[in-house]
Amino acid sequence: MKVLVVGSGGREHALTLLISRSMLNPKIYIVMDYRNPGLERISEKSGGRWFIATTTSPKEVGKTAEEVSPDLVIIGPEEPQFSGVSTYLREKGFIVFGADAKCAEIEKSKVFARTLMWKYEIPGRLYFKAFRSIDEAKKFIEFAGDVVIKPARQAGGKGVKVLKDTQAYLSKDKVNIKKNYIDKLYSEMESYGDIDYKILVEQRVEGVEYTAQVITDGSSFVFLPIIQDHPHAYEFDTGPETGGMGSISGPGWIPPFLDQEEFERTKDIVAKVLYSLSVEIGINYMGAFAGQMMLTGVWGPTVIEFYSRFGDPEASNLVPIVVSDFLDLLDRAARQKLASAKLEIDEEKVVVVKAVAPVGYPDNKRIAIDHPIKVDEDRIKDIGCEVLYASVSIGPDGNLYTRGSRAVEIVCYGSSYEEAYSLSEKAVTYVESLDGWSLFHRGDIGSPWLVRERIKLAEKIRRIYSDRARRGVLGEMYVWIPGEGIYSNPLLSPVRW
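Residues numbered from 1 in each chain as written. Predicted model: local features only at pLDDT ≥ 70, side-chain atom pairs only at ≥ 80, totals over all residues. Heavy atoms only, no water.

- The protein is annotated in an unreviewed UniProt entry as phosphoribosylamine--glycine ligase of Ignisphaera aggregans.
- Turning to the protein, the UniProt annotation filed under Sequence similarities (unreviewed entry) states: "Belongs to the GARS family."
- The record held by UniProt for the protein lists under Pathway (unreviewed entry) the comment "Purine metabolism; IMP biosynthesis via de novo pathway; N(1)-(5-phospho-D-ribosyl)glycinamide from 5-phospho-alpha-D-ribose 1-diphosphate: step 2/2." (UniProt positions renumbered as here; feature names shortened; annotations may be inferred.)

### Overview of the nonpolar core
- Ranked by size, the top nonpolar core spans 40 residues in total, and within it Ile19, Ile74, Phe97, Ile215, Phe310 and Phe326 carry the most contacts.
- Within the residue set of this core, elements represented by two or more residues are strand S1 (2-6), helix H1 (10-20), strand S2 (27-32), helix H2 (37-46), strand S4 (72-75), helix H11 (314-318), helix H12 (326-334) and strand S18 (350-358).
- Of the residues forming this core, the biggest block, six residues, is contributed by H12.
- The residue makeup of this core includes at least three contributed by each of domain 1 (2-98) and domain 3 (207-448).
- Residues contacting Ile215, with those up to four places away along its chain left out, are Phe97, Ser220, Phe221, Val222, Leu224, Gly287, Phe310, Phe326, Leu329, Leu330, Ala333 and Leu338.
- Formed by 34 residues, the second largest nonpolar core is a distinct cluster that contains Met117, Val214, Phe263 and Leu295. (Core = buried A, V, L, I, M, F, W, Y, C linked by side-chain atoms within 4.5 Å. Buried < 20%, exposed > 50% of the residue type's maximum accessible area, 1.4 Å probe, protein only. Helix = DSSP H or I, 4+ residues; strand = E, 2+ residues; numbered from the N terminus. Domains from an automatic or database assignment. Contact = heavy atoms within 4.5 Å.)

### Details of the pairing of S4
- Judged by which residues are buried, S4 turns out to be covered on both faces: Leu72 and Ile74 on one side and Val73 and Ile75 on the other are all buried.
- Note that S1 and S4 share four bridges and pair parallel. Considered in S4, the bridge of Leu4 is made with Val73.
- The pairing of S4 with strand S5 (residues 96-97) spans two bridges and is parallel. Across the sheet, residue Ile74 finds its bridge partner in S5, namely Phe97. (Pairing = 2+ DSSP bridges.)

### As for a nonpolar patch on the surface
- On the surface, Tyr478, Trp480 and Ile486 cluster together into a nonpolar patch covering about 430 Å² of accessible area.
- By secondary structure assignment, the location of Ile486 is in strand S27 (residues 485-487). (Patch = residues over 30% accessible without salt bridge, like charges linked within 9 Å, V, L, I, M, F, W, Y side chains within 5 Å. Areas by Shrake-Rupley, 256 points an atom, 1.4 Å probe, with all protein chains shown as cover. Salt bridge = Lys/Arg side-chain N within 4 Å of Asp/Glu carboxyl O.)

### Description of unusual backbone geometry
- At the junction of Gly250 and Pro251, the peptide bond is cis and its omega measures out at -5 degrees in the coordinates.
- With respect to the helices, strands and loops of the structure, Pro251 is situated in the loop between strand S15 (246-249) and helix H10 (260-281).
- Cis geometry marks the peptide bond from Tyr361 to Pro362, where omega comes out at 5 degrees.
- Position of Pro362 among the secondary structure elements: in the loop between S18 and strand S19 (369-375).
- Here the phi dihedral of Ser340 falls at roughly 75 degrees; this positive angle occurs in a residue that is not glycine.
- By secondary structure assignment, the location of Ser340 is in the loop between H12 and S18.

See below:
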């Protein structure tokens, strides 16, 4: 079977590893933007080939597809979906696993996603306001209070600013911070010409985040185990948001901080979103879909945002635990024959993934580019871990060079968090800089201490949302506006603007 994979990073390295084990004996062809050493190796080992092209260009990817004539095309990242690569290939008659451009709007436009949830009254929805104009956004934010400011378009998982504003004596200072951030965010969003709204201001919630991923053909769903991403750059969940500095999962289908009922409610929300999307746009969704969720006191399972593809680094957690023929699942989804398909996993394993990135990422990627690094794969494999290559390419001299984002992901597993964490911390020491430029990773991801903290926080939140459920006020938030009354919308300011 010939398979063409579109994409260049760690997620695509994880997916190609998973499908390379298939009984369908795939020859794997890759079309990527740069020379990812992991993807090159897998394609050559399988008897396939690799191609360098602009993966967001439907015509360039289409030209490669016509040359390869694959039985299945797998689209990894979101940007090729946004630019219409999946749609173009389907129109040319190829079998494609990956959301059409219209379906991918659920990730590209956070305004579209939030509006869809409110229109179809899907549980786990948050209040929001969206802005096209910077002046309107800055005027609103002056009295918005406790909110999250986001880019209205998907921007590689970055750009989200959470501004806890519950202390009145600091509010004036925080308003200035918010306005300055809107200036910065708006200037960055101006480079995207494919959306109308630029800024999203959203109700702030607190809780424990997790990712629910599903493979779907539009009618049937195969849910994957829950995985927890760690988006903040630095330890203790501090620093700017990134594409994900690491992730944990297991043992089994849910991590220790989530219970089975919450997992079932999460699956129900994700399924409702996909059904509603299909009704709204009239197209079946065929590909991977993910809900970036948070367990909150407001709703219990609550939607933070959506991905129209596998998460990264969440896809990496699947590598040690998937027992089923993963390629067969993706192929069935692309052919709308997923009914009765099931996913079998190794339920005994705990998985810890650590991303290693050059200093400068994520806020100043320019200074994080072109630094040579060395990865001692043999020593990493000796301790039972796996290297996935992400934002790193092979240079003309044969060395590996950083490209400004997360360079590699290290995947380790064990029978407990203690074991997997210990291995991951040892494995990252085998990734080193060759020019003295510092590399960093998060030392707390997967640590038994942090897992215990997540469990304690989830238990506290569970008591809050369970009480709200008993009183019939799940999702409700109220503000009192003197002289006017009580409203169920936390973004309504008592001060008119």
